[in-house]
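# Examining the three-dimensional arrangement
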Amino acid sequence: MRTHTFIDLFAGCGGLSLGLSMAGLKGRFAVERDPMAFSTFQSNLSGDECEQVHQFDWPEWLPKQAWDIEQLLVRHRGELESLRGEVDVLTGGPPCQGFSFAGRRKADDPRNLLFEKYVEVVKAIQPRIILLENVPGMRVVHRAKEARAEGGMPPAALRDSYYDKLVELLRAANYSVDARLLDAATFGVPQRRTRLIVVGVRNDCAAVLQGGMSRVFEAIGTHREMQLADLNLNERISASDALSDLETAGASMFTYRDTAARGTFSELRYAGPSTDYQHAMRKPFPPPQMNSMRLARHSQEISARFGQIIAECTQGVRLNTNDRARFGLRKNRIVPIHPDEPAPTITTLPEDLLHYSEPRILTVRECARLQSFPDWFQFQGKYTTGGVLRTKECPRYTQVGNAVPPLMARGLGKALDCLLVEIEEALELNARIDEVAVA
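Residues numbered from 1 in each chain as written. Predicted model: local features only at pLDDT ≥ 70, side-chain atom pairs only at ≥ 80, totals over all residues. Heavy atoms only, no water.

### A closer look at the environment of Leu228
Just so we agree on the cut-off: Runs of H or I in DSSP of at least four residues are treated as helices and runs of E of at least two as strands, each being numbered from the N terminus. Any residue under 20% of the maximum accessible area for its type is buried, any over 50% is exposed, and the rest in between are partly exposed; the area is computed with a 1.4 Å probe on protein chains only. Only heavy atoms matter for contacts: two residues are in contact if any of them lie within 4.5 Å across the pair.
Relative to the elements of secondary structure, Leu228 occurs in helix α9 (residues 214-230). You can call Leu228 buried: its relative accessible area is 9%. Along the primary structure Leu228 and Leu407 are separated by 179 residues, whereas in three dimensions their C-alpha atoms are 9.8 Å apart. What Leu228 contacts, discounting residues up to four positions off in sequence, is Thr186, Phe187, Gly188, Leu233, Asn234 and Glu235.

### Structural notes on the packing of helix α3 (residues 69-81) against helix α4 (residues 114-125)
Quick reminder of the rule: In this analysis an axis means a line fitted to C-alpha atoms, helices contributing only their contacting stretch, and an angle means the value between N-to-C directions, from 0 to 180 degrees. With respect to orientation, any angle under 35 degrees is reported as roughly parallel, any angle over 145 as roughly antiparallel, any angle of 65 to 115 as roughly perpendicular, and every other angle as oblique. When residue character is reported, Ala, Val, Leu, Ile, Met, Phe, Trp, Tyr, Cys and Pro are called nonpolar, Asp, Glu, Lys and Arg charged, and the others, Gly included, polar.
It is the contact of α3 with α4, at a shortest axis distance of 10 Å, that shows an interaxial angle of 10 degrees. It follows from the interaxial angle that α3 and α4 lie roughly parallel. For the pair α3 and α4, contact is made by Ile69, Glu70, Leu73, Arg77, Leu80 and Glu81 and by Leu114, Lys117, Tyr118, Glu120, Val121, Ala124 and Ile125, respectively. For the contact of α3 with α4, a count of residues per class yields 8 nonpolar, no polar and 5 charged.

### Notes on unusual backbone geometry
With an omega of -5 degrees, the peptide bond running from Lys283 to Pro284 counts as cis. Relative to the elements of secondary structure, Pro284 occurs in the loop between α11 (276-281) and α12 (300-312). Its identity as a non-glycine residue notwithstanding, Gln126 has a phi of 55 degrees, on the positive side. Tracing the chain through its elements places Gln126 in the loop between α4 and β4 (129-134).

### Remarks on the environment of Glu358
Spelled out, the test is: Here a polar contact is recorded for every N or O atom pair within 3.5 Å, except that within protein the pair must consist of a potential hydrogen donor and a potential acceptor, and residues adjacent in sequence are included only if both atoms are side-chain atoms.
If you trace the backbone, Glu358 turns up in the loop between β10 (353-354) and α14 (364-371). Judged by relative accessible area, Glu358 falls into the buried class, the value being 6%. The sequence separation of Glu358 and Ser303 amounts to 55 residues, and the corresponding C-alpha distance is 8.8 Å. Looking at Glu358, its side chain comes within polar contact range of the main-chain nitrogen of Thr248, at 2.7 Å. Among the polar contacts made by the side chain of Glu358, one reaches the main-chain amide nitrogen of Ala249 at a distance of 3.3 Å.

### Some points on the side chain of Ser292
Along the chain, the position of Ser292 falls in the loop between α11 and α12. Dropping the residues within four chain positions of it, Ser292 is found in contact with Thr363, Val364, Arg365, Phe379, Tyr383 and Arg396.

Remember that the coordinates give geometry; whether it matters functionally is a separate question.
See the structure below:
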């Protein structure tokens, strides 16, 4: 049986690519426009010394560098079209800030239309299966509320969500499409993270699937359960299950000087895993010391305030208006994590979540653990950024917050791999039947 291939668009730091590679698929190339995120991707998934997962079979015509999808289409459309028949899966997670309920949900955010570029690549390559991940807000109509406020129902063009528009474009490109809201926690990720998973199957392939498109999410459910059994995980992995080996209380610490960030920082000297999930994150090549373990430098005042919040506020839920006022907080979203529950959704802002037992925000590595990145995975670039650069740069916290959880991607990849085998077997059987009929 041949190894199935994929291309990853809007790849970020590589969470989706990592999961698909862990599922046994082989990447051809990936497209990511941010240099920091691509640096992380390349150092872990496409560099010369990457041994943990399948090496990408990167084409010679595409330089290994940060690419904008529009640049790719302008400069390499011919090369993309030459890949027809060679790519099994085209994946992607177009930027979600314009759809996200955690953001401002701007209907005119230009990033909202990047899924149209995704469809252009679909048309050029014509893969058998497409996989697109986004926030649930992609299915919500942006402008209907504003239009109703002006009187009456909004025009038909404004009643369609961006998901509806995506489906229309994909069906016009000869794909059958279905979607579900799936929670990463059900794949063994210690985080409540609901995402819209869109799967398209080229019509000639969908026609031979037993059960049609209903088979797609049936297979995903089956392989989700198989993954939990294979990795000895369950659907309710708590934050402390994921992070207890990274707690600083009573741990050996060391201090180092970071010339790039100015000043000294403290890190925990890693001692070893203690839970099934932690052991799973240490495979297959456990590093003696993980990267991105740097602790934030909180002032005594802030640490004291965080300690009060952890002790006095309900853990696992966002602070209410009264609590925010009591502690003098202007942020709308700040959640002290509950130790015995899966963590809330990891975002790109490190100050959104507080550790469950220590008066501090999480480290990049702790966020990565909650996203199910294995411990060998190394993040590159700045740790964080602020001001106007927040919309222009993709530092480590942002890379982690934007990523598809690798374990969720692994489960999806296993299912797609199975579906591709079923399609190939059905097409081969039909070809034999046709041969007999002709004879």
